[in-house]
Every structure is written in structure tokens, then in C-alpha cells.
Amino acid sequence: METESEPYVRLATLRQLHQVVAELNTARSLADTLQTVADGVITGLGYELAAVNLVRPDGDLVVAAVAGSAGAEALMAGRVGSRGSWDRRLNMAERWGGLCFIPHTEGWVLDDDDVPQWHAAGPEPRFPDEWHPRDRLFAPMYTAANGGGELLGVISVDKPRNGRRPGAWGQEALQMYAFQSAIAISNARLRANMQRALVRLEREQQALRASEESFRQAFEYAPSGMAIAEMGGDQHGRLHRTNDALCRLLGRPASAMRRYSFSDLVHPEDIGTLLRTSAEGGRAELRLARRDGTYVWVSLRNSVVADTADGPRFLLTHVEDIEERKRHELQLAHRASHDALTGLPNSAELRARLGARLCSRPPGSDADAYASAASAASVAAFQEAHGFGTDGPEVFDGYDAADGPERVPAGPYDHHVHVIAPSDGPEDDGAKGLAVLFCDLDGFKSINDRFGHHTGDAVLIEVARRLTNGVRDGDTVARLGGDEFVVLADGLGKADAQDLAVRLRNGIIPPIRVDGRGVRVGASFGIGWAACGMSAEEVLQSADQRMYVEKRSRSKASRRAG
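Now for a look at the structure at hand. Quick caveat: nothing in here was measured; it's all calculated off a predicted structure.

1. What about the overall build of the protein chain?
Per the secondary structure count, the protein chain includes 19 helices and 18 strands. The burial tally for the protein chain puts 45% of its 562 residues in the buried class. Long-range contacts, defined here as pairs at least 24 residues apart, represent 61% of the contacts in the protein chain between residues at least 6 apart. Looking at the protein chain as shown, the accessible area adds up to about 28,600 Å², and 51% of this sits on carbon and sulfur atoms.

Structural data, given as C-alpha cells:
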């Protein structure tokens, strides 16, 4: 099973990967893009040396960018390695998914070929996955996903900061980065071609026909979607022309596309994003509708095609398919916040959800009363200072005292809905609150010890399913670890929470069949209540303590029976 720290490490790696991938699209030129690719390996992926080898028109690969070492850059930058030597390296390497790895025990045969390289001698590894200075790791970049299309270039990396060969997580991160780098390099080349075409359209009036033909070819044969839309007039935003790549992406013929604008195709939840995207240099990530009714994630980038006589007339939009990247992002985010065995939210996600409902100020506290009085006083002072008498116009209800003469807590003008716990007395006062049910399985350890971890894991998966089926859609069922689960259920009174605990316990009791064998576990529940002024940890500790009180109050036999 995974350790509790792994989701945090993966989330940190994901954030770094997102940051360096975002920086790939900020470079203005192809040279800047190539250097940004090399720098991203150093800053985001944990290597000390990286080189980007770009395929030239003649097929050989030139070292276009180096990062991490001034000495390596001086030795390698601009040097060329033959395509045959590169093919030999890639073919003899071990395949790590889309990556190619050559260990130092085999790479000695490559020391004398013509591929530029930077390697130093070193001692033999002390443990199996220790990185050796002569180990070689390559990330090929292709014009299509999953190693399809033509070879665009190769990212070579060296000297992992942790001194180890990358594990599955590091390999996946490098592979995803190479995929995004290939897209960024292709787009940089495309943007350079488009900019040259636009400059020719503006500056070479006499060569207008040649410029239009150059633009047409770059537009029609672009590997990603392109569209030209009307600007101004009654037809503002209407698609005037689309290329084959965009038509294939959306599953619509070019004749049908001319009946739409992007606002007709965008997902309803993304219309605001589209409207906020500027015409000149604007970019946005949103969803567009396919012909079959599904939606695809795309990245839009706008520029204006100017007419020399009448000024700006057309909007040129580059549409990039980012569905695969979005899917990877969602998968990685889900794996970082959910338990790998049961699929339930993990401990970190539970604390995040619980903490989002809590604030540091208890409802009805002196600080709350002070904030309300101070806010009212500040509003009155603001009215007087601006000539508003008691009979004059009122300040609008959403006024925050922090915008007035004094900065004070927002008091009644904050929009936080306080979480209030029912009273601690034996009587049910009818109050509704956020119940926190701490569940610990009874008899699970004996099952795990007797039948093995396979049976234990199957029991945990089934218990997670039964708990999920026993709560409402808006409730949260999370796994803290081991055989401990937590349920968050809002809007319950004391009696409601007791009834829920009984139902969940009764749902767990029936035998669970694993490999033809029936096993049974019981469950002890402790009911705590979340309230503003408490931390998430305090809430969970309270429910945990009540669970142990409830567990000790019953005999071992009755606990096993539920």
C-alpha cells in the first residue's frame, strides 16, 4: 500500500510539471521555446543537465539548447549528430514506456560515435537504482501522441538530483513533458510561419497573391485547428473559414462550420471564459461541442489579420486539442487526492474538505460581536464623511468596512456560512449541523492475519462500497488509512446522526465473500460535530475519541457482531 506522504509528493511534482508546461507557451520564438524546454527539465523535473536535440531538414540532429552546465553548453551547443547514430542509440535502449534508457554497462560502445555528449567517469553504483555518470536517458519527441508521426527531436537528461534512476512516477512526468514539449516546438514553428505570412501580407502589397497562397497553405495544412472569423458588423464572430484539422476535431464539415461562431459551439459553463478572451493575443482553455454532442478540451489563441485599407477585419484563431493533457491532469489530481485501494478521498482530501467548511471565529463569539459593531460604526462614519445624513441614501448592503475609513474584520458582510454544532446535552435541541462519523472496523486485523492482505484489501474495498451506498449523494466517505473511515454528513441532528451510524453499521455486518469464503467484520462509530472555531484535526480527534468510548462500551463479541 502507498504511504501517506506519496500523494503530497505527487501533488508537488504535478504542480511543478504544470508550471514548466505553462512556461513552454510563453516563449516568443522557436529558439526561446527550445531553451525553455531545456530549462524546464532542470527546474521542474529534478535533473542537473539537459539537452534538446532537434531534427534538421536533412534528418541529422543538432544540439539546439543546453541547460544546467556552462561547460556542457560550450562543448555541445550547435554540434550535429548523424541520424544513423541516433537511430542506433534509440534502438538499442531499454524501453521505459516512451522513454529510452541505456545503462552504463552497455553504453560504452557509444563513446566514440558522432553524437555530442557530456559524460564523466564514476564509481560503480552502490545500489541497483543508483544513477551512474555514464547512464543515458532519452525522451524522444514525435509529431503525434504515443510515439506516432515523425521524430521531431530528442530530450537527453543526466544527473538526477536525488542520485537515482527515475521511478514510475518520474518516468511518467518526463514522458508527459516530452509530449508537451513536442507540441510547443511544433506550435512555435507554426507561429513563426504564420507571423512571416502576416508580415508579408502587411508589407508586400505587390506580392499579395504570393502571400495569400503562403497563408492558405500554412492555414489548410496546419496540424492543429485554425479558423478565421468575422470582426465587426452584423456577422461579428461568425466563422468565415476553417481548416481540415479543426473540422476533423469537431466532426463537422467546413460548410456546416460557416453557420456557427465559437459562442455557438462553446460549453455553457465556458461562455464567460470565451467572452473574456481578447481578440489580439488572447488565449483561453475551454470546451467545444462536437457533432455527436460530446465536448473536447481545446486551447484557443487569437490574433488579428489586418486589412491595409480598412483596418482589422478578421480574427485568426489557433485551436489546439488539449484533451489528452486535461485527461492526464485529472488523473494525476485524482490519484493525489484519493486512496489508491478504495478510490475514496484520502486523508489529505478529507482534511481539505472539512477545513473548507470551518473558520477560526466561533459563531456568537466576542470577536464576532466586535466585528459587527465595528463594521456598523465604519459604515456610519463613511456616510457622514461623504455627506450622507441619516435620511440620505444608504450604503449598499454588501459594503465591507475594510473599504472604509478603518480596516476591521468584515463581520456580517463576509459570506462564510458558520458551522454550528448541536448542544452537548442529552436532549436533542433540534439543531442541524455537520456530523463527523469516525468508523473503525472490528475484527479486521484477525482477518488480515489469518487470510492475508489480499483478503483484507477485498474487505476494505467492499466496506468502502457499502459505506458509499449508505450515505446521500452530497455526503463524503473517506479513508484515513488502515481500517479507519470517516463520513461527513451535513444538515443532521443528533437523532439523524445516530440513525445514520446504525444504518451504516448494519450495512457492514453482512458477510463479505472473498474467493468463495465468507468473512465478517463489525464497526464502531464515534459521532463528532464540526463547528467554526475548531480545526479539522480537532474535529477528527473528537470523533476518534468518541469512537473509542463507544468501542469500549461494548463487549468484544458484540463488537464483532456489529
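That shown, we press on.
2. As for the environment of Leu14
Inspection of the secondary structure puts Leu14 in helix α1 (residues 6-24). Relative accessible area serves as the criterion here: at 5%, Leu14 is assigned to the buried category. Taking C-alpha positions, Leu14 is 8.9 Å from Ala336, a pair spaced 322 residues apart along the chain. Aside from chain neighbours lying at most four places away, what touches Leu14 is Leu332 and Ala333.

3. Digging into the pattern of salt bridges
For the structure on display, the rule yields 28 salt bridges. Between Arg238 and Asp264 there is a salt bridge, with its nearest N and O atoms 3.6 Å apart. Pair noted here: Arg238 is in the loop between β8 (225-230) and β9 (239-242) and Asp264 is in helix α10 (residues 262-265), with a separation of 26 residues, a long-range link. Under the relative-accessibility criterion, Arg238 is labelled partly exposed at 29%. In this structure, the salt-bridge partner of Lys445 is Asp449, at a minimum N-O distance of 2.8 Å. With a gap of 4 residues between them, Lys445 and Asp449 both fall in helix α15 (residues 444-451), about one helical turn apart. Neither Lys445 nor Asp449 differs from the other in exposure class; each is exposed. Among the charged side chains, a salt-bridge network with shared partners connects Glu285, Arg325, Lys326 and Glu329.

4. What to know about helix α17 (residues 494-508)
Helix length check: α17, at 15 residues, gives a terminal C-alpha distance of 21 Å against a target of 21 Å (1.5 Å per residue), a fit within 8%. Among the residues making up α17, those that are buried are Lys494, Ala497, Leu500, Ala501, Leu504, Arg505 and Ile508. Each buried residue of α17 sits inside an arc of 130° when the element is viewed along its axis, so together they form one side. Next to the buried residues of α17 lie β13 (433-442), α16 (453-469), β15 (484-492), β18 (522-530) and α18 (536-552).

5. Observations regarding the sheet that holds strand β2 (residues 61-67)
Taken together, the 7 strands give an open sheet; going across it, the order is β3-β2-β1-β7-β6-β5-β4, and neighbouring strands pair in antiparallel fashion. Edge positions in the open sheet fall to β3 (80-81) and β4 (94-96), since each of these has one partner strand only. Most of the contacts of helix α2 (residues 30-45) go to strand β1 (residues 47-55), to which it runs at about 155°, and overall it touches β1, β2 and β7 (151-160). Sheet strands in contact with helix α4 (residues 83-92) are β1, β2, β3, β4, β5 (99-102), β6 (136-142) and β7, and its direction is about 110° off that of β6.

6. Structural notes on the nonpolar core
Grouped together as the largest cluster of nonpolar side chains are 38 residues, with contacts concentrated most on Leu137, Ile155 and Tyr177. The set of elements that each furnish at least two residues to this core consists of α1, α2, β1, β2, β5, β6, β7 and α6 (168-203). It is α6 that provides the largest number of residues to this core, a total of 9 residues. In contact with Ile155, other than residues within four places in its own chain, are Val37, Val41, Ala51, Leu137, Phe138, Ala139, Met141, Tyr177, Ala178 and Ser181. Counting residues in hydrophobic clusters, the runner-up holds 31 residues, among them Cys439, Ile447, Phe485 and Val514.

7. Observations concerning the packing of aromatic side chains
By the definition in use, this model includes 3 aromatic pairs. Ring plane angle 75° and centroid distance 5.4 Å describe the contact between Trp86 and Phe138, whose orientation is recorded as edge-to-face. Of this pair, Trp86 sits in helix α4 while Phe138 sits in strand β6, and the two are 52 residues apart along the sequence. Using a relative accessible area of 2% as the deciding quantity, one classes Trp86 as buried. Overall, the relative accessible area of 4% leaves Phe138 in the buried class. Summarising the aromatic geometry, the rings of Trp96 and Phe101 are spaced 4.4 Å apart at their centres and angled 15° between planes, so their arrangement reads as stacked. We note that Trp96, like Phe101, is buried.

8. Some thoughts on empty space enclosed by the protein
Applying the stated criterion across every chain yields a total of 3 cavities of 30 Å³ or more. Its volume calculated, the largest cavity comes out at about 190 Å³. Considering the residues around the largest cavity, the lining is formed by 20 residues, among which Met76, Gln117, Trp118, His119 and Ser156 are closest to the centre. Elements with a contribution of two residues or more to the lining of the largest cavity: β1, α3 (70-76), α4, β6 and β7. Sorting elements by how many residues they give to the lining of the largest cavity places β1 first, with 4 residues. Across the lining of the largest cavity, the residue classes break down as 13 nonpolar, 4 polar and 3 charged. Considering only enclosed or pocket space, the second largest cavity measures out at about 50 Å³ in volume. Lining the second largest cavity we find Thr13, Leu14, Leu17, Trp169, Glu172, Ala173, Met176 and Leu332. Contributing elements (two or more residues each) for the lining of the second largest cavity: α1 and α6. Here the lining of the second largest cavity takes 4 residues from α6, the largest share from any one element. Taken together, the residues that form the lining of the second largest cavity break down as 6 nonpolar, 1 polar and 1 charged.

How each quantity is defined
- Residues numbered from 1 in each chain as written.
- Predicted model: local features only at pLDDT ≥ 70, side-chain atom pairs only at ≥ 80, totals over all residues.
- Heavy atoms only, no water.
- Helix = DSSP H or I, 4+ residues; strand = E, 2+ residues; numbered from the N terminus.
- Buried < 20%, exposed > 50% of the residue type's maximum accessible area, 1.4 Å probe, protein only.
- Contact = heavy atoms within 4.5 Å.
- Areas by Shrake-Rupley, 256 points an atom, 1.4 Å probe, with all protein chains shown as cover.
- Salt bridge = Lys/Arg side-chain N within 4 Å of Asp/Glu carboxyl O.
- Expected span 1.5 Å × (residues − 1).
- Arc of directions from axis to C-beta.
- Pairing = 2+ DSSP bridges.
- Axes fitted to C-alpha atoms, helices over the stretch in contact; angles between N-to-C directions.
- Core = buried A, V, L, I, M, F, W, Y, C linked by side-chain atoms within 4.5 Å.
- Phe/Tyr/Trp six-rings, centres within 6.5 Å; stacked < 30°, edge-to-face > 60°.
- 1 Å grid on protein atoms, 1.4 Å probe; cavity = no way out; pocket = protein on both sides within 12 Å on 5 of 7 lines; lining within 4 Å.
- Points joined across faces, edges and corners; volume = space filled by probe spheres on them.
- Nonpolar A, V, L, I, M, F, W, Y, C, P; charged D, E, K, R; others polar.

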